[in-house]
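# Structural overview
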Amino acid sequence: MEKKIRVGVVGLGHRGRELLKLSATFDCVEIVAACDIRPVNWYEQQWLSTSPLSDMFPETTFYESYDKMLNEAGLDVVIVETGADIHAEFCIKALEKDINVLSDIPNVASLKEAELLWNAAQKSEAIISTGANPNYQKFTFLLNEFYDKGLLGKPYCMEAEYIHWSLAGSAERKHLNENGDWRKLLIPIRYCTHSLGPLLTIVHEELRYVSCFGTGYHSDEPDSIRKDDMMCAQFRTESGVVVRLMRNGRCRAKIGHHNYRVFGTEGYMERVERMDKMVIRYNSMKELDTDLKETGGEYMPPAYADNEKAVGHGGMDYAMLDYFYKAIAAGDAPPISLKQGFEMTLPGIYAEESAKRNGQVLRMKYPWDEDWSTEIE
Ligand SMILES: NC(=O)c1ccc[n+]([C@@H]2O[C@H](COP(=O)([O-])OP(=O)(O)OC[C@H]3O[C@@H](n4cnc5c(N)ncnc54)[C@H](O)[C@@H]3O)[C@@H](O)[C@H]2O)c1
């Protein structure tokens, strides 16, 4: 029998639990270890679960200490699902032990962390892949196909929004925050990877300049942190591609999460989501076509549409894990590299700083740049 990939998961909150269960459906995977500083997440039934993980995975060893798990579990892979502001230290520790990593997004919370993680990845014999599931949605695949066929031409302007509605005092909000405060604390524009990731797959240069504004805070809710209700950033590449992004803190309407528009020199493609209606529209002058064509905007990546096992955010999660485990089994490069991860993550860090400086245009640097610095000028 082929050797199975020995997987451990750190962070057993809402996302960690889902990716652990979904990983267990892969024949090539063995979930040997799981770790959380809150043992209730292992031993007790949690929100949206039918039974405790300890009952579902009796063969898996639970650890309260991440270091102990790395030292003792003999892992091939660790999936990092701690809060969005504390991924880097977990990734670095695993890479230092040559354990492969799938890290949820954003990869890092600061430029200093970016430098440390970049250096750790260069030295490691293991790979780190960025767990950016929206890069596996139908829209991303169609956009790349459209671009590769020359039907879009050169993209020159793009727009994206990720608006997640929030209702004070709701059960969902209570559950989403029960494992820690990172959701309340995270600056909205820092959670930009879902929006930038898919768009950057057809832009072969980094975002270089940013200006960002926040709306300020308009709530007297007792459980809220005083952060911007909405943040609006504009980015530009060196060659002049402009990307506009909206990210919310507060939103009282269920208007739909992920919207994208891409303007190219030959064509156009958009994904518009208004809750129950998700649609992708496109046209290309290469086909002398002025009418917009329309297709379903569901998340399911086309190649997985007939796969009954493809679940999790409409199938994107399954596709992401499938690409990752196939790369691990074959000894291939990571499906979404750390470089790609930083290209979609660091713009959020610079955008936050620009908003603090009243929209000042900042030049963005990346760890592979010659003039890289952890200080923002
Ligand atoms: N890609 C997506 O679709 C998607 C969706 C939701 C969340 N996420 C990401 O997934 C990650 C986790 O989100 P969540 O909703 O599960 O958060 P969560 O707060 O529910 O879970 C995080 C868990 O990490 C644990 N943890 C913290 N410090 C630890 C430590 N030192 N050792 C071991 N465990 C520790 C916490 O106890 C908690 O249970 C975040 O980075 C978030 O951005 C991604």
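These lines cover the structure that appears in this document, whether it is placed above or below.

Attention now goes to the site of the ligand. R15, D36, H87, N179 and Y191 are the nearest of the 27 residues found near the ligand. One of the backbone nitrogen or oxygen atoms of I37 is found 3.5 Å away from a nitrogen atom of the ligand. A distance of 2.8 Å separates an oxygen atom of the ligand from a polar atom in the side chain of Y191. About the coverage of the ligand: the protein hides 90% of its 850 Å² of free accessible area. Looking at the shell around the ligand, the elements with two or more residues in it are α1 (14–23) and α9 (182–185). Per-element accounting of the shell around the ligand gives the leading share, three residues, to α1. Grouping the constituent residues of the shell around the ligand by class yields nine nonpolar, twelve polar and six charged. Residues lining the shell around the ligand come from more than one domain, with at least three contributed by each of domain 1 (5–133 + 323–333) and domain 2 (135–301 + 342–363).

One finds M69, V78, F235 and L346 to be the most contacted residues of the largest nonpolar core, which totals 104 residues. When residues are assigned to domains, this core turns out to be shared by domain 1 (5–133 + 323–333) and domain 2 (135–301 + 342–363), each giving three or more.

Strand order in this open sheet of six strands is β3-β2-β1-β4-β5-β6, and the pairing throughout is parallel. The sheet is open, and its two borders are formed by β3 (61–63) and β6 (128–131), each paired with just one other strand. For this sheet the average axis-to-axis angle between neighbouring strands, irrespective of direction, equals 25°. One ladder, built from three bridges, connects strand β2 (residues 29–35) with β3; its direction is parallel. Each bridged residue has a counterpart across the sheet, and for A33 the counterpart in β3 is T61. Sheet strands in contact with α1 are β1 (5–10), β2, β4 (77–80) and β5 (100–104), and its direction is about 155° off that of β2. Against the sheet, helix α5 (residues 88–96) makes contact with β1, β4, β5 and β6, and its axis sits at roughly 170° relative to β5, the strand it touches most.

What follows concerns the sheet that holds strand β15 (residues 362–363). One open sheet holds the nine strands; their spatial order is β14-β13-β12-β11-β7-β10-β9-β8-β15, and the pairing between them is mixed. Sheet topology places β14 (293–296) and β15 at the edges, where each strand pairs with a single neighbour. In this sheet, β14 lies alongside strand β13 (residues 277–284) in antiparallel orientation, the contact comprising four bridges. Following the sheet pairing, Y282 is matched in β14 by K293. Each of β7 (155–162), β11 (258–264), β12 (267–274), β13 and β14 is contacted by helix α7 (residues 138–148), which is oriented at about 175° to β12, the strand it contacts most.

Thresholds applied
- Residues numbered from 1 in each chain as written.
- Predicted model: local features only at pLDDT ≥ 70, side-chain atom pairs only at ≥ 80, totals over all residues.
- Heavy atoms only, no water.
- Near = heavy atom within 4 Å.
- Polar contact = N/O pair within 3.5 Å; in protein donor to acceptor, adjacent residues only side chain to side chain.
- Areas by Shrake-Rupley, 256 points an atom, 1.4 Å probe, with all protein chains shown as cover.
- Helix = DSSP H or I, 4+ residues; strand = E, 2+ residues; numbered from the N terminus.
- Nonpolar A, V, L, I, M, F, W, Y, C, P; charged D, E, K, R; others polar.
- Domains from an automatic or database assignment.
- Core = buried A, V, L, I, M, F, W, Y, C linked by side-chain atoms within 4.5 Å.
- Buried < 20%, exposed > 50% of the residue type's maximum accessible area, 1.4 Å probe, protein only.
- Pairing = 2+ DSSP bridges.
- Axes fitted to C-alpha atoms, helices over the stretch in contact; angles between N-to-C directions.
- Contact = heavy atoms within 4.5 Å.

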